[in-house]
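One-letter residues, chain by chain:
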Amino acid sequence: MNTLTESAATALRLITSLDPVLLDIVRLSLAVSACACLLACGGGLILGAWLGVARFPGRGAVLTLLNTLLALPSVVVGLLVYLLLSRSGPLGFLGWLFSFQAMVVAQAILVLPVVTALTRQVVEDAERSHGEQLRSLGAGTLMRSLLLAWDERFALLTILIAAFGRAVSEVGAVMVVGGNIEGYTRVMTTAIALETAKGDLPLAMALGIILLAVVLVLNTLIAVLRRWRERRDAGAGGWARHMPDPTV
């Protein structure tokens, strides 16, 4: 398979024939990224919503650190998780190194700053618009953050989809802590790197096509949700304008 055409044709045959090796890699990739996003979103949504409303000394420094973590190299995260989970590390007793759990932890650490930073921005914008009303009703910082996050739930849903896309396309951290073990810790991105190095271009291309398809679906969902929310907000605004004034 020395030509691009032959490799692409074989890759398509692997996809259409539902090759078992290909499906196992895809299934593991999606499972790892889904679990990592659930972990990261559990804390990131709450922390980001709170940061969007809370005002305290040193908040600017915290936000600067948070924005810096958005560019955290994945291989650095992999190294840190490796040191934590190695036999001589503080969490070595768990025996998670080169396992599904290790990859989930690494991806969750990568996704957490993304979810937190984007949630903070969404909730802070909502706080500027509606925060004064909630404060006048006696809502505290935590209550305002939760109420505003719920009000912006559709915007937060797009953040979750974007976070999943960030996780599923990551390669450095899972390579370091997972070891790229066939049938156990081999995910799409690490398999593409390995198969390309081995010269097995059809399998690498098949995985690449599926990975691109996953990212395309995620971006399409984000666009559909954004458009639906804009129409919903426009409809709500038009309905409010046609409501009679009770003071008249």
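Residues numbered from 1 in each chain as written. Predicted model: local features only at pLDDT ≥ 70, side-chain atom pairs only at ≥ 80, totals over all residues. Heavy atoms only, no water.

A. Up close: the environment of Gln 107. Structurally, the position occupied by Gln 107 is in helix α5 (residues 100-136). For Gln 107, a relative accessible area of 3% puts it in the buried group. For the pair Gln 107 and Leu 72, spaced 35 residues apart in the sequence, the C-alpha separation amounts to 12 Å. In this view, Gln 107 contacts Val 32, Ser 33, Ala 36, Ala 167, Glu 170 and Val 174; residues no more than four positions away in its chain are not counted. (Helix = DSSP H or I, 4+ residues; strand = E, 2+ residues; numbered from the N terminus. Buried < 20%, exposed > 50% of the residue type's maximum accessible area, 1.4 Å probe, protein only. Contact = heavy atoms within 4.5 Å.)

B. Main features of the packing of α5 against helix α6 (residues 141-151). Following both chains from N to C, one finds α5 and α6 inclined at 120°, their axes separated by 10 Å at the closest point. Put simply, α5 runs oblique to α6. For the pair α5 and α6, the sense of crossing is right-handed. Here Val 123, Ala 126, Glu 127, His 130, Gly 131, Leu 134 and Arg 135 of α5 lie close against α6, whose contacting residues are Arg 144, Ser 145, Leu 147, Leu 148, Ala 149 and Asp 151. (Axes fitted to C-alpha atoms, helices over the stretch in contact; angles between N-to-C directions. Parallel < 35°, antiparallel > 145°, perpendicular 65-115°, else oblique. Left-handed = near helix turned anticlockwise from the far one by under 90°.)

C. Looking closely at unusual backbone geometry. Of note, the phi angle at Leu 18 is positive, near 55°, even though the residue is not glycine. Tracing the sequence through the fold places Leu 18 in the loop between α1 (4-16) and α2 (20-53). Take Leu 18: its relative accessible area is 53%, and that puts it in the exposed class.

D. Expanded view of the environment of Ile 192. Summarising the element assignment, Ile 192 is placed in helix α9 (residues 188-198). If we ignore the near neighbours within four places in the chain, the residues touching Ile 192 are Ala 204, Leu 207, Gly 208 and Leu 211.

E. Here's a closer look at the nonpolar core. Grouped together as the largest cluster of nonpolar side chains are 36 residues, with contacts concentrated most on Leu 22, Met 188 and Leu 207. Mapped onto this core, the elements with two or more residues apiece are α1, α2, α5, α6, α7 (153-168), α9 and α10 (201-241). The element that contributes the greatest number of residues to this core is α10, accounting for 9 residues. With near-sequence residues (within four places) excluded, Leu 207 lies in contact with Leu 22, Ile 25, Val 26, Met 188, Ala 191 and Ile 192. Ranked by size, the runner-up nonpolar core spans 17 residues in total, among them Leu 28, Val 32, Leu 85 and Ala 106. (Core = buried A, V, L, I, M, F, W, Y, C linked by side-chain atoms within 4.5 Å.)

F. Molecular detail of the packing of α2 against α7. Taken N-terminus to C-terminus, the directions of α2 and α7 make an angle of 135°; their axes are 9 Å apart at the nearest point. With respect to their mutual orientation, α2 and α7 come out oblique. Seen along the crossing, α2 lies across α7 with a hand that is right-handed. In this structure, α2 contributes Leu 30, Ser 33, Ala 34, Cys 37, Cys 41 and Leu 45 to the contact, and α7 contributes Leu 156, Leu 160, Ala 163, Phe 164, Ala 167 and Val 168. Of the residues in the contact of α2 with α7, the class split is 11 nonpolar, 1 polar and no charged. (Nonpolar A, V, L, I, M, F, W, Y, C, P; charged D, E, K, R; others polar.)

G. Expanded view of a nonpolar patch on the surface. A cluster of nonpolar residues, Val 75, Val 76, Leu 79, Leu 80, Tyr 82, Leu 83, Phe 98, Ile 181 and Tyr 184, forms a patch on the protein surface that exposes about 770 Å² of accessible area. Mapped onto the elements of the fold, Phe 98 is located in the loop between α4 (74-85) and α5. (Patch = residues over 30% accessible without salt bridge, like charges linked within 9 Å, V, L, I, M, F, W, Y side chains within 5 Å. Areas by Shrake-Rupley, 256 points an atom, 1.4 Å probe, with all protein chains shown as cover. Salt bridge = Lys/Arg side-chain N within 4 Å of Asp/Glu carboxyl O.)

H. How the structure looks around empty space enclosed by the protein. By the definition in use, this model includes 1 cavity of 30 Å³ or more. There is about 40 Å³ of room inside the largest cavity. Along its surface, the largest cavity is lined by Ser 29, Ser 33, Gln 107, Ala 167, Val 168, Glu 170, Val 187, Met 188 and Thr 189. Elements with a minimum of two residues in the lining of the largest cavity: α2, α7 and α9. Taken together, the residues of the lining of the largest cavity break down into 4 nonpolar, 4 polar and 1 charged. (1 Å grid on protein atoms, 1.4 Å probe; cavity = no way out; pocket = protein on both sides within 12 Å on 5 of 7 lines; lining within 4 Å. Points joined across faces, edges and corners; volume = space filled by probe spheres on them.)

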